[in-house]
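Each chain is listed here by its residues.
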Amino acid sequence: MKKLAMFAVAAAALVFAAGKVEAAGDLVLTISGSVQYQYSSSITVGKTKTVSFSNATIYNMLSNSIANESNGLAATLPAKGIIKYDPEDSDGKTTGFFYVTDKTNGFYYPLSGYDNNSAYYSFMELDAYIIITNGYDLDLGFGYPYDGSANYTLNAAGSGSLSGKDTAMLFVHDNPYVYDLSESPNNLYEYDNPDYGSEYIYNAFEIQGLMTVSLTYKTGSINGGSLSLTGVGNAMVNGQDQASVISGKASLK
Amino acid sequence: MRPKIVLGLLLAALLAFGALLLLKLQTRNKPAAPVEVAPAAPAAPEAANPPPLPAVPPPVAQAPHVWTDDERQAEIDRLQDWSRNDDPESLSNILLDLTNSEKDVREAAIEAAKQFGSTNAIPTLKAAAVNSTDTDEQIELLQAANFLALPPLSFSPPTPEQVEAAKQIQAQRAAQRQAHMQQNQGQGQNPPSSPPQGSGQP
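Residues take numbers from 1 onward in each chain, read along the sequence in its written order. Following the order in which they are written, the chains are lettered starting with A and the ligands numbered starting with 1. Thresholds applied to this predicted model are a pLDDT of at least 70 for local features of residues and 80 or more for the giving and counting of side-chain atom pairs; totals over whole chains, interfaces and linings are not thresholded and use all residues.

Draft legend 1. Expanded view of the overall build of chain A. Note on conventions: DSSP H or I runs of at least 4 residues are helices, E runs of at least 2 residues are strands, and numbering of each starts at the N terminus. Of regular secondary structure, chain A possesses two helices and 16 strands. Any residue surrounded by 20 or more other C-beta atoms within 10 Å of its C-beta is treated as buried, while 12 or fewer makes it exposed and the intermediate range makes it partly exposed; C-beta atoms here are placed from the backbone. Looking at chain A as a whole, 43% of its 253 residues qualify as buried.

Have a look at this one:
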């Protein structure tokens, strides 16, 4: 049993150390916004507070959470890590996934995938279903109930662009076993994970809104461009669920 | 003073102003380099008879530097790097690019200022908004200033008691929702087609 556990840990370490061949079309996440939440103490009852969040906030939340994970997910993220998004490849369950890397691309930690127990985990998801009128639809993450549309302008070699608009949801949180809120985006409060049962969440942010799609293609693969999502959503702040993202912007470029 | 001397002094001052303006324009169109914030020099005492200013060539209108795609992208990459730092030089570089001649670079500079997260950037963002002629950019600059005026969210790690309390609250909510759904079904109402808040199946 001990040997088995050691093998599992070694296997997980290999997954994270193996790295990822960064595709030309991988996009860097920039996120910012403001959250309003209620706070109460013996002095203040029912007061609201508005605070800001940015890349550093989200990264800090993920770093703290990942450092204390189990099931082979624990890792120390680099101090100045970068969150990137691969819009074309799969994490084993969905197309399009986030990962942490650094400036030299020498570090790789997938923010969704499978843990040591072959259970799916996800700290971050971008859900969108983009109907492409002249090509295959783009189904990112767990899809999203409100479909958008986009058009390719490609030449015979598959080079050109894709542009359009779609409703989408970005969900980032500290419990990797709470995922896929695409069908019930208001449900941050309790969650029955198919692998681990009832899960609770302590910090989470949603941005639901309109996403501008402007991707460039070279010989059939994404090689640049941007996805830009602006909106509002639910939030959990330090276990306080009476919170909302009152303005949020996530840009992947 | 005699009118000729006054006229000469005015002409010299005009030439000096023109030279300064030219120098400023050239600096704005260069790719941003680290800016050193030097301490202000003490003001020189006003001379009774100032020496004549050196002859300055009249300003020549120069076409602004046209950035290549690579130069533009390199500057945007540098802005992203600076936004992850925590030193005055990086902030100074970011703020300098708020007035860059390239719109893409200016946009990246606004975002970098937000990500850097220093309230010291607020006056420069507001000043840039006043000087900008682009309404969308003015809005972005002012929104960035407002964003930086907010306190940043900080996380407090949960204590075991908080974890337990949060679990209990969530369990209570689940029970309440379940009871509410059963009540609705008992009254012959159809359950909503999509899972309601708290029904929670992935």
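Draft legend 2. Spotlight on helix 4 (residues 103-116) of chain B. All names here are of chain B. Over its 14 residues, helix 4 extends 20 Å from the first C-alpha to the last, a length consistent with the 20 Å expected when each residue adds 1.5 Å. For helix 4, every residue scored as buried is listed here: Val105, Ala108, Ala109, Ile110, Glu111, Ala112, Ala113, Lys114 and Phe116. Just downstream of helix 4, Gly117 is the residue with a positive phi angle, here 75°. One fewer than the residue count of a helix, multiplied by 1.5 Å, yields its expected span.

Draft legend 3. Representation of the pairing of strand 10 (residues 148-154) of chain A in the model. All names here are of chain A. Here, any two strands with at least 2 DSSP bridges between them count as paired. Summarising the sheet, strand 8 (residues 124-132) and strand 10 pair through three bridges and their orientation is parallel. When the sheet's bridge partners are listed, Ile131 is paired in strand 10 with Ser149. In the sheet, strand 10 pairs with strand 11 (residues 160-173) via six bridges, with the strands oriented antiparallel. Paired with Asn151 across the two strands is Ser163, which belongs to strand 11. Here strand 10 folds back onto strand 11 in antiparallel fashion, the turn holding five residues, of which Gly158 has a positive phi close to 80°.

Draft legend 4. Seen up close, the pairing of strand 15 (residues 221-237) of chain A. All names here are of chain A. Where strand 14 (residues 204-218) and strand 15 come together, 13 bridges link them in antiparallel fashion. Directly across from Val213, in strand 15, lies its bridge partner Leu227. Where strand 14 folds back on strand 15, the antiparallel hairpin that results is connected by two residues, among which Thr219 adopts a positive phi of roughly 40°. Bridging between strand 15 and strand 16 (residues 240-252) involves nine bridges; their strand directions are antiparallel. By the bridge assignment for strand 16, Thr230 is matched with Lys249. Between strand 15 and strand 16, which pair antiparallel and follow one another directly, the connecting turn spans two residues, one of which, Asn238, has a positive phi of 50°.

Draft legend 5. Local environment of the packing of helix 3 (residues 88-96) of chain B against helix 4 of chain B. Residue and element names in this part refer to chain B. In the contact formed by helix 3 and helix 4, the axes pass within 8 Å of each other and the chain directions differ by 150°. Regarding the angle of helix 3 to helix 4, the classification is roughly antiparallel. Considering how the two elements wind past one another, helix 3 and helix 4 form a crossing that is left-handed. On helix 4, the residues touching Ser90, Leu91, Ile94 and Leu95 of helix 3 are Ala109, Ala112, Ala113 and Phe116. A per-class count over the contact of helix 3 with helix 4 returns seven nonpolar, one polar and no charged. Fitted lines through C-alpha atoms serve as axes, helices being fitted only where they are in contact, and the angles separating the N-to-C directions of these axes extend from 0 to 180 degrees. Under this scheme an angle from 65 to 115 degrees is roughly perpendicular, one under 35 degrees roughly parallel, and one over 145 degrees roughly antiparallel; angles in between are oblique. Take the far helix as your reference; a near helix turned counterclockwise from it by less than a right angle gives a left-handed crossing, and one turned clockwise gives a right-handed crossing. Each residue gets a C-beta atom placed from its backbone, and two residues are in contact if those atoms lie within 7 Å. Only Asp, Glu, Lys and Arg are considered charged, only Ala, Val, Leu, Ile, Met, Phe, Trp, Tyr, Cys and Pro nonpolar, and every remaining residue, Gly among them, polar.

Draft legend 6. Just the environment of Pro78 of chain A, in detail. Residues and elements named next belong to chain A. For Pro78, the position within the fold is in the loop between helix 2 (55-67) and strand 3 (82-90). On a C-alpha basis, the gap between Pro78 and Pro110 in space is 14 Å, while along the polypeptide they are 32 residues apart. Sequence-distant contacts of Pro78, defined by excluding residues within four places in its chain, comprise Asp102 and Phe107.

Draft legend 7. Here's a closer look at the confidence of the model for chain A. The predictor rates its confidence in each residue with pLDDT, a number between 0 and 100. Per-residue confidence for chain A gives a mean pLDDT of 87; residues scoring 70 or more make up 89%. Counted against residues more than four places away or in other chains, residues 1-15 of chain A, with its pLDDT under 50, gives five contacts.

Draft legend 8. Spotlight on the packing of helix 4 of chain B against helix 6 (residues 135-149) of chain B. Residues and elements named next belong to chain B. Across the interface, helix 4 lies against helix 6 with an axial gap of 9 Å and an inter-helix angle of 10°. Accordingly, the angle class assigned to the pair helix 4 and helix 6 is roughly parallel. Packed against helix 4, whose contacting residues are Arg106, Ile110, Ala113 and Lys114, the element helix 6 presents Glu137, Glu140, Leu141, Ala144, Phe147 and Leu148 at the interface.

Draft legend 9. Region of interest: the nonpolar core. Throughout this description, the term nonpolar core refers to a group of buried Ala, Val, Leu, Ile, Met, Phe, Trp, Tyr and Cys residues whose C-beta atoms join them within 7 Å. If you look at the biggest cluster of nonpolar residues, it comprises 56 residues, and the most contacted ones within it are Val35, Phe98, Ala128, Ala168, Leu170 and Ala235 of chain A. In terms of residues, this core owes the most to one element, strand 14 of chain A, which gives seven residues. What Leu170 of chain A contacts, discounting residues up to four positions off in sequence, is Leu126, Ile207, Leu229 and Ala250 of chain A. Membership of the second largest hydrophobic core comes to 22 residues, among which are Ile94, Leu95, Ala113 and Ala121 of chain B.

Draft legend 10. Summary view of unusual backbone geometry. All names here are of chain A. We note that Ser118 has phi near 60°; this positive angle belongs to a residue other than glycine. Within the secondary structure, Ser118 sits in the loop between strand 6 (112-114) and strand 7 (120-122). Given 9 C-beta atoms within 10 Å, Ser118 falls into the exposed group. The phi torsion at Asn238 lies on the positive side, around 50°, for a residue other than glycine. Examined against the element boundaries, Asn238 turns out to sit in the loop between strand 15 and strand 16.

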